Amino acid sequence: MTRKIIIDTDPGQDDAVAILLALASPELEVLGITAVAGNVPLSLTQKNARIVCELAGKTDVPVFAGCDRPLARNLVTAEHVHGKTGLDGIDLPDPTMPLQDAHGVDFIIETLRREPTGSVTICPLGPLTNIATAFQRAPEIIDRVQEIALMGGAYFEVGNITPAAEFNIYVDPEAADIVFKSGVPITVLPLDVTHKALVTKPRNNAFRALGRIGEVVASWTDFFERFDKEKYGSAGAPLHDPTVIAYLLKPDLFSGRHINVEIETKSDLTRGMTVADWWHVTDRTANATFMGDINADGFFALLTERIALL
Ligand code: RIB
Ligand code: CA
């Protein structure tokens, strides 16, 4: 029985690897990919999502453009990490597959209305603007969502865009607040996990040995590791977003806790912080499974095995 998913994304090299992993995995049926403004503006994230589908030879997967800015704030982008195009590292041809006419938010709403209740998982890999907008426009779809498995937030690792916040949540904290209060079962892959999924040289060499697509992946990670190497002294690029797809494929690679997570939306100093009650010091109701650890070797073995299939 395949698992139906919608990938909501702001490619971004790590988003791109997540999309490749999903498209390479027969356990998953990617119903569609909705682009959102984040790492780079929407005009580029929707284009990059199509570039990745064409790279994987999966041009039948519909790609939609969603929201081009956060609910209530100006867009903050991350070209300093991902480059001007969002997919810097190697030149890839412009996409020829069409962008769907429908808005990404309408696709999310219509898909959840059409598919049986509890049969669609949403995988946000960027700011949560599209998801929150869909929930605001069509509240009746909220109870129809099987699960939200997202990359975002942090507890021990705290922040990567400010001292207090992770990028995806920081860009649209109001959207994150709506999603985390929605009541949908949520699984969070935070920086605490993704900073342990580092593309070390041996791991990148394993990608490179896979042929064309592996070489592309290796060029992407060679490019975007600069930021984390300079900032954290990391041994390689943290593959943030593919951990979401790996969780769907092999949940035993991860461990975490079911806890309360609330989003800071008021303070300028801590905007976008995921206030994760990891130690259960409050009586606030648990609303998310917040992952804290990953079997990194198992993760990279899965990634390498699946990318080789494309
Ligand atoms: O903080 C890391 C997250 O922000 C990743 O999803 C990356 O692609 C960016 O969107
Ligand atoms: Ca992303």
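Residues numbered from 1 in each chain as written. Chains lettered and ligands numbered in written order. Predicted model: local features only at pLDDT ≥ 70, side-chain atom pairs only at ≥ 80, totals over all residues. Heavy atoms only, no water.

*Asks:* Lay out the packing of aromatic side chains in plain terms, naming residues and giving numbers.
*Replies:* Aromatic ring pairs are defined here through the distance separating the ring centres and the angle between the ring planes. On inspection of all chains with the given rule, the structure shows nine aromatic pairs. Ring geometry for Tyr155 versus Trp278: centroids 6.4 Å apart, planes at 20°, classification stacked. Taken together, the positions of Tyr155 in the loop between strand E5 (145-151) and helix H6 (167-171) and Trp278 in the loop between strand E11 (274-276) and strand E12 (288-294) put the pair 123 residues apart, joining distant regions of the chain. Judged by centre distance (6.4 Å) and plane angle (85°), the rings of Phe156 and Trp279 are edge-to-face. Residue Phe156 is found in the loop between E5 and H6, and its partner Trp279 is found in the loop between E11 and E12; the two are separated by 123 residues along the sequence. We classify Phe156 as exposed; its relative accessible area is 52%. Ring-pair connections join several aromatic residues into one group, and the members of that group are Tyr155, Phe156, Trp278, Trp279 and Phe290. Sitting above the plane of the Phe223 ring, Arg226 keeps its charged end 4.3 Å from the centroid. (Phe/Tyr/Trp six-rings, centres within 6.5 Å; stacked < 30°, edge-to-face > 60°. Helix = DSSP H or I, 4+ residues; strand = E, 2+ residues; numbered from the N terminus. Buried < 20%, exposed > 50% of the residue type's maximum accessible area, 1.4 Å probe, protein only. Lys NZ or Arg CZ within 6 Å of the ring centre and 35° of its normal.)

*Asks:* If you had to explain the pattern of salt bridges to someone new, which residues and values would you point to?
*Replies:* Under the definition given, this model contains 17 salt bridges. Between Asp222 and Lys201 there is a salt bridge, with the nearest N and O atoms lying 3.8 Å from each other. Taken together, the positions of Asp222 in helix H10 (residues 212-232) and Lys201 in helix H9 (residues 201-208) put the pair 21 residues apart, joining distant regions of the chain. A residue is classified by how much of its surface remains accessible, and Asp222, at 27% relative accessible area, is partly exposed. For Lys201, a relative accessible area of 47% translates into the label partly exposed. (Salt bridge = Lys/Arg side-chain N within 4 Å of Asp/Glu carboxyl O.)

*Asks:* How would you explain the coordination of the calcium ion (ligand 2) if you had to name every residue and give the values?
*Replies:* Bound to the calcium ion (ligand 2) on the protein side are Asp10 (OD), Asp15 (OD), Asp15 (OD), Leu125 (O) and Asp241 (OD), at distances that span 2.2 to 2.6 Å. Along the chain, the residues donating to the calcium ion (ligand 2) fall in the pattern D-x4-D-x109-L-x115-D. For Asp10, a relative accessible area of 0% translates into the label buried. By relative accessible area, which is 0% here, Asp15 ends up buried. (Donors = N, O, S within 2.8 Å, 3.2 Å for Na, K, Ca; no water.)

*Asks:* I'd like a rundown of the site of ligand 1, residues and numbers included.
*Replies:* Around ligand 1 sit Asp10, Asp14, Asp15, Asn39, Leu125, Met151, Asn160, Glu166, Phe167, Asn168, His240 and Asp241, and that is every residue in its neighbourhood. Within the contact set of ligand 1, an oxygen atom lies 2.8 Å away from a side-chain nitrogen or oxygen of Asn160. Side-chain polar atom of Asn168 to an oxygen atom of ligand 1: 2.8 Å apart, as the coordinates give it. Relative to its free-state accessible area of 280 Å², ligand 1 is covered by the protein chains to the extent of 97%. Residue assignment for the shell around ligand 1 shows that the elements contributing at least two residues are helix H1 (13-24) and H6. Tallied by class, the residues present in the shell around ligand 1 amount to three nonpolar, four polar and five charged. (Near = heavy atom within 4 Å. Polar contact = N/O pair within 3.5 Å; in protein donor to acceptor, adjacent residues only side chain to side chain. Areas by Shrake-Rupley, 256 points an atom, 1.4 Å probe, with all protein chains shown as cover. Nonpolar A, V, L, I, M, F, W, Y, C, P; charged D, E, K, R; others polar.)

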